[in-house]
Structures are given as structure tokens and as C-alpha cells.
Amino acid sequence: MSAVATVPVRRGVTPKVTRGLIGVAVLLILAESVSRLGIIPGNILPPMSRVLLDTAGLIVDPEFLHDVGSTLTAWAIGLGIAILVAVPLGLVLGSFRIAYEASSAVVEFMRPIPSVALIPLAILVFGQGTDMKIALVVYASLWPIFFNTVYGVRDVDPVAKETARTFRLSRVGILARVSLPYAAPLAATGVRISAAIALIVTISAELLAGSASGIGSYILRISSGGGDTSLVFAGTIVAGLLGMLINFVLVAIERKIFAWKKEGVA
Amino acid sequence: MLNIEHLTHTYGTGAKAHLALKDITFAVEPGELVSIVGPSGCGKTTLLRTMAGLMRPTGGDLTFLGNEITSVPEGLAMVFQDYRGSLFPWLSVESNVRFPLKRLGLSKADLDARVSESLVAVGLTGFEDRFPFQLSGGMQQRVAIARALAYRPKILLMDEPFASVDAQTREDLEDLVLSVKKKFNMTILFVTHDIDESVYLADRVVVLSKPPTFVVTTLDIPLSDNRDQIETKEDPEFIRLRGEVARLIRHPKSDDVTIPVADVA
């Protein structure tokens, strides 16, 4: 054996974050140079330093915060309704094969319809306001949560269900006390996927419908009539940051609640 | 207490019909530990599932406390071989033990007393807040046993409960079963494919044949109640009994044994 001890390389969280930040910094510097050197005109790609300043300004601008609030309200209500509908539905349809097969034709038809394609219909039915946004978010968010819940329920260990049966739990009792907690981690993953989709749909709807308020409406207002490109960028960046923040928070919650799931990784 | 008379079970129908259990008759009396032993694939699990009311056999009479078993009866608990699947991974040890008690409408004090008493009985005090994935296999099976005890069943069915743990742990758990039986005066039906285990634990051993399965014989085990992993297994009587069980499993003496086709050829 060689006497040389190899020092294990630790790939912790910190180096990963550092590398990520380096990537972002390089991109920003590149964009800044391209703009400053006039390779791309400033009215198309404003200098990143200005965009970042505008972003910082936006985050504390009460008018813009009102738009953020409007977007998040529609997002949260829509996602909440989707969870309340999709989880029980997935739980029941996932548990009873016959019910699932009966519903699958309808599901297979509805699922591929892109929610963005439904925006004109939603505007016709619900108008340009919050109701329209909520309706679209519900529709778009329903599927990932529903399918993940169905898969989760199908994954329930049959021995766990038999155990509950030997303790004389009713069918509903087994559904609520065994199948639901078993399926919860997968359903939560569905919620996280839907949360991202829901944000996209909300902002798209605001843009296309010309809603009175929302991040999408803000971007539309600023960009129309030869608006300030830097502010349009700033609005877009905030939308992106919001998506990241939501994902980060949901992942943290999942880790905390589903710590017991560790064994399942093996 | 538990009476099984001429139980038969056929899987499938028509040409694909497969007779798994041919004719099973035996009884379990209060306070007894009866073990069922037989070659692998002899339908032990099917038999236990019918007794637990988890499935209906195609023929025969099954009664528990005088009532026909049509679904899971009140007063019965089961410990499964697959403790990993049987424990609820999202619940702590204590919550797992508490799980079946919720619908019984006990007072809080009663509930707490039952949970802690059961955990003491299986030697798991101090592990209340752990989760199943943090415990060894043997400890997980202890949790499953504690959960069954807290339920205070009149009969405890155990389906090859120690088939997936190592030999040392297995001996400890066998002694745990004996101590629990004594402490709670529990009636236990213990299914195993391990001949030593069946003799060591039981007051009576029901020996099953290869499928289509029938009861080869029922043997009384006249060993003392104070059993010890080393001394009991050295006892000439134990050695004689385990030999007899082994012989019965290999060469069942019965007129209606169908000779396997392979042997004829």
C-alpha cells in the first residue's frame, strides 16, 4: 500500500453556491461589456449595472409591490384550490382502479391542452381580472398534483394497508391514515412542479389579457409605447427571482416534513 | 378459541384451478402458543390470512370466539414478516404503537399507559421519538410487536415474524415472545418454516404437508415453561421432538398423500 493519504474532496453546499455565484457574475460582466462596448445597442440590451439598480428600485417600489401582490394572490388561491381538488381526487381515483379507468378518457383528453391556449376562453368567461387568473392557475396546476398523488397512492406498501385492515380500520380510515401520508411526499413534489407552472401561467395571463394589475401587467405597461427596456428587464428578473424563491421555500418545507422519507432513497 | 375445521382453499377456477390448502383442521385454546410449521410454499401465509379474515377460503369452517370469521374479527392482531412494510414510516415509534388505539375511544391516561407498558415489554423505552428508519430490523419488529400488544388482542397471529432478522436477534425475539406470552397470558398462533423455532416456542406444533396441504399431525410439546436458548436446545426431549417434526415434514405418513409425478417417473 502506498503511504500517500488521499484527502477526500468535500463537495459541500458552500462550494456549490460559490460556483453558482461565479457563473452569474461572469454572465453579468459579459452582458455589461457587450452593452458598454456598443456591440448590442443600449436600448435593446441596457447595461446590467443599470438593470440591477432598477431591479433594486423595483423591489421597494410600492406600486410594483402591489403588482407582485396581485400576481401572488391569484397564484396562491389558484394553487390552493388545485391542491384541495387534486389531492382528494388522486387519492380516490388512485385507490380504485375501476374509477381510475372510467375517468382516464376524460383525463387523457384534458391534460394535453396547454393552459396558455385556454387564456382567450378564460378571458371570455371570467373577464380580465383575478378570477380569470385563478381559473387558469387551477387548471394548469391540477395535473401534476393529481398524477403525483395517483402514483403515490399506487405505491403504498400493501403490507401497510393490510396492517391497517387487521386493526379494523375502515376503507376511509385506511385512505386517510395510511394512503394519504404514504402518498404525501410525491403529492408535495407535484405541488412544487405546479407552483412553478402556476407562476408562468399567472404572468402569461396578465400579459395576454392586459390585466389591471400583476407582474405581467407591469411588464406590459412599461414595454408598450417605447418604454424603458431596463425596467422591463428588471420586472422580468423579479419574476425569475420569485420563481426561485418559491421553489427554494417548498424544497425546504418538503425536507423538513418528509425527513422520514430518507429510508426510501436506498 | 380459534377453530379451523376442514379448511380448503383453491386459487383460480376451471383448468387453472390450483388446490393450495386441501384439508386443515386444528384449534387454538386460550393461553396456548401453537406454532404452525411446514415446508416452504405449503400455504402457511394463505392459512394465516384466512384466519385473520383478510381473505375468504373457498371451503371449511373458521370460528373465532364462537363467531364465524367473515372479515377481520375484533380482538385479533397480526405481526407480519415484513416489518418494514408493516410499520408506518412517517410515524415515530410511539405514534406507531398508538396507531391502532385511536378508534377504541380510550381515555388519554389509558392510552398513554398502554403505549408505555407495551414499549417496556419489548424493551424499547427511550426510543419513543425515533422513526422506523433509524432502527435496526430487530428493533423495528419489536415496535410491531409492541403495537400489537397495546391493542390488547385476545389472539396474536405471527406470520414468520423473525424470518428476516439475523440469528442472534432472532433468538432474542423468540425469548421476547415467550416473556410476552407469560406476562400478558397471551394466546399466540405462530407460523414459521423453522423447525427449531416451532418446537422451542410452542405448547403444540401443527405440522403441515407439502401442497396440496393437509395437517400431517399435531404434536404436544411437553417441555418446561421456562425455556432457555441453550439449555432447552440441549435437552434430549427437545432434540427428539425437533427430529420428529423434521421427519414428519419430509415423510408425511398419510394414506392420501399424492405421490409427486417426478418421483413416479
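Keep in mind that what you see is a predicted model, and the values were worked out from it rather than measured.

## Quick notes on the interface of chain B and chain A
Here is step 1: Listed per partner, the contact involves 25 residues of chain B and 19 residues of chain A.
Here is step 2: For the chain B and chain A pair, buried surface summed over both sides reaches about 2200 Å², with 64% attributable to carbon and sulfur atoms.
Here is step 3: When the buried surface of chain B facing chain A is broken down by residue, Trp 90, Phe 99 and Phe 133 of chain B rank first, second and third, together holding 29% of it.
Here is step 4: Where Glu 74 of chain B meets Arg 168 of chain A, a salt bridge forms, and the shortest distance between an N and an O atom there is 3.1 Å.
Here is step 5: Applying the counting rule to chain B against chain A returns 8 residue pairs in polar contact (both at pLDDT 80 or more).
Here is step 6: Those elements that place two or more of their residues in the side of chain B that touches chain A are strand 6 (76-79) and helix 2 (83-86) of chain B.
Here is step 7: Taken together, the residues of the side of chain B that touches chain A sort by class into 15 nonpolar, 3 polar and 7 charged.

## So, the packing of aromatic side chains
Here is step 1: Inspection of the entire model under this criterion finds 12 aromatic pairs over all chains.
Here is step 2: With a centroid separation of 5.1 Å and an interplanar angle of 75 degrees, the aromatic rings of Phe 146 of chain A and Phe 147 of chain A are classed as edge-to-face.
Here is step 3: Phe 147 of chain A gets classed as buried once you look at its relative accessible area, which sits at 6%.
Here is step 4: Summarising the aromatic geometry, the rings of Phe 258 of chain A and Trp 260 of chain A are spaced 6.3 Å apart at their centres and angled 85 degrees between planes, so their arrangement reads as edge-to-face.
Here is step 5: Exposure remark for Phe 258 of chain A: the relative accessible area of 16% places this residue in the buried category.
Here is step 6: It is Arg 111 of chain A that lies over the ring of Phe 147 of chain A; its NZ or CZ is 4.3 Å from the centre.
Here is step 7: A cation sits over an aromatic face here: Lys 233 of chain B above Tyr 200 of chain B, 4.9 Å from the ring centre.

## A look at the side chain of Ser 209 of chain B
Residues and elements named next belong to chain B.
Here is step 1: Counting through the fold element by element, Ser 209 comes out in the loop between strand 9 (204-208) and strand 10 (213-220).
Here is step 2: Judged by its relative accessible area of 2%, Ser 209 falls in the buried class.
Here is step 3: A distance of 3.0 Å separates a polar side-chain atom of Ser 209 from the backbone nitrogen of Phe 214.
Here is step 4: Contact partners of Ser 209, with chain neighbours within four places excluded, come to Pro 39, Cys 42, Phe 214 and Val 216.

## Remarks on helix 5 (residues 137-150) of chain B
Since one α-helical turn is 3.6 residues long, residues separated by three or four positions face the same way.
Residues and elements named next belong to chain B.
Here is step 1: The end-to-end C-alpha distance of helix 5 is 20 Å, a good match for the 20 Å that 14 residues give at a rise of 1.5 Å each.
Here is step 2: Most of helix 5 sits inside the fold, with 12 of its 14 residues counted as buried.
Here is step 3: Along helix 5, the residues classified as buried are Gly 138, Gln 140, Gln 141, Arg 142, Val 143, Ala 144, Ile 145, Ala 146, Arg 147, Ala 148, Leu 149 and Ala 150.
Here is step 4: At the C-terminal side of helix 5, Arg 152 shows a positive phi close to 50 degrees.

## Comments concerning the UniProt feature "transmembrane region" (unreviewed entry) in chain A
Here is step 1: The positions that UniProt labels "transmembrane region" (unreviewed entry) are, in the present scheme, residues 20-40, 72-93, 105-126, 132-151, 196-219 and 231-253 of chain A.
Here is step 2: In residues 132-151 of chain A, helix accounts for 100% and strand for 0%; the two terminal C-alpha atoms are 30 Å from one another.

## Some remarks on the sheet that holds strand 2 (residues 18-28) of chain B
By definition, the strands of a sheet pair up through backbone hydrogen bonds, in either a parallel or an antiparallel sense.
Residues and elements named next belong to chain B.
Here is step 1: The sheet built from 10 strands is open, its strands ordered 5-4-1-2-10-9-3-8-7-6 with mixed pairing. Two strands lie at the open edges of the sheet, namely strand 5 (67-68) and strand 6, each paired on one side alone.
Here is step 2: In the sheet, strand 3 (residues 33-37) pairs with strand 8 (residues 187-192) via 5 bridges, with the strands oriented parallel. Note that in strand 8 the partner of Val 34 across the bridge is Leu 189.
Here is step 3: Against the sheet, helix 5 makes contact with strand 6 and strand 7 (155-159), and its axis sits at roughly 180 degrees relative to strand 6, the strand it touches most.
Here is step 4: Sheet contacts for helix 9 (residues 236-250): strand 3, strand 9 and strand 10; angle to strand 10, the most-contacted strand, approximately 165 degrees.

## Topic: the pairing of strand 8 of chain B
Residues and elements named next belong to chain B.
Here is step 1: Judged by how many residues are buried, strand 8 sits mostly within the fold: 6 of 6 residues are covered.
Here is step 2: Of the two faces of strand 8, the one carrying Thr 187, Leu 189 and Val 191 and the one carrying Ile 188, Phe 190 and Thr 192 are both buried.
Here is step 3: Across 5 bridges, the pairing between strand 7 and strand 8 is parallel. Following the sheet pairing, Leu 157 is matched in strand 8 by Leu 189.
Here is step 4: Read from strand 7 through helix 6 (residues 167-184) to strand 8, the crossover connection turns out right-handed.

## Some thoughts on the pairing of strand 9 of chain B
Each regular strand displays side chains that alternate between the two surfaces of the sheet.
All names here are of chain B.
Here is step 1: Across the 5 residues that make up strand 9, a large majority, 5, are buried.
Here is step 2: Every second residue of strand 9 is oriented toward a common face, with Arg 204, Val 206 and Leu 208 on one face and Val 205 and Val 207 on the other, all of them buried.
Here is step 3: One ladder, built from 4 bridges, connects strand 3 with strand 9; its direction is parallel. The partner of Ile 36 across the bridge, within strand 9, is Val 206.
Here is step 4: For strand 9 and strand 10, the ladder comprises 5 bridges, and the chain directions are antiparallel. Across the sheet, Leu 208 pairs through a bridge with Val 215, a residue of strand 10.

Conventions we followed
- Residues numbered from 1 in each chain as written.
- Chains lettered and ligands numbered in written order.
- Predicted model: local features only at pLDDT ≥ 70, side-chain atom pairs only at ≥ 80, totals over all residues.
- Heavy atoms only, no water.
- Contact = heavy atoms within 4.5 Å.
- Buried area = accessible area lost by both parts, 1.4 Å probe.
- Salt bridge = Lys/Arg side-chain N within 4 Å of Asp/Glu carboxyl O.
- Polar contact = N/O pair within 3.5 Å; in protein donor to acceptor, adjacent residues only side chain to side chain.
- Helix = DSSP H or I, 4+ residues; strand = E, 2+ residues; numbered from the N terminus.
- Nonpolar A, V, L, I, M, F, W, Y, C, P; charged D, E, K, R; others polar.
- Phe/Tyr/Trp six-rings, centres within 6.5 Å; stacked < 30°, edge-to-face > 60°.
- Buried < 20%, exposed > 50% of the residue type's maximum accessible area, 1.4 Å probe, protein only.
- Lys NZ or Arg CZ within 6 Å of the ring centre and 35° of its normal.
- Expected span 1.5 Å × (residues − 1).
- UniProt positions renumbered as here; feature names shortened; annotations may be inferred.
- Pairing = 2+ DSSP bridges.
- Axes fitted to C-alpha atoms, helices over the stretch in contact; angles between N-to-C directions.
- Right-handed = clockwise from strand over helix to strand, strands pointing away.

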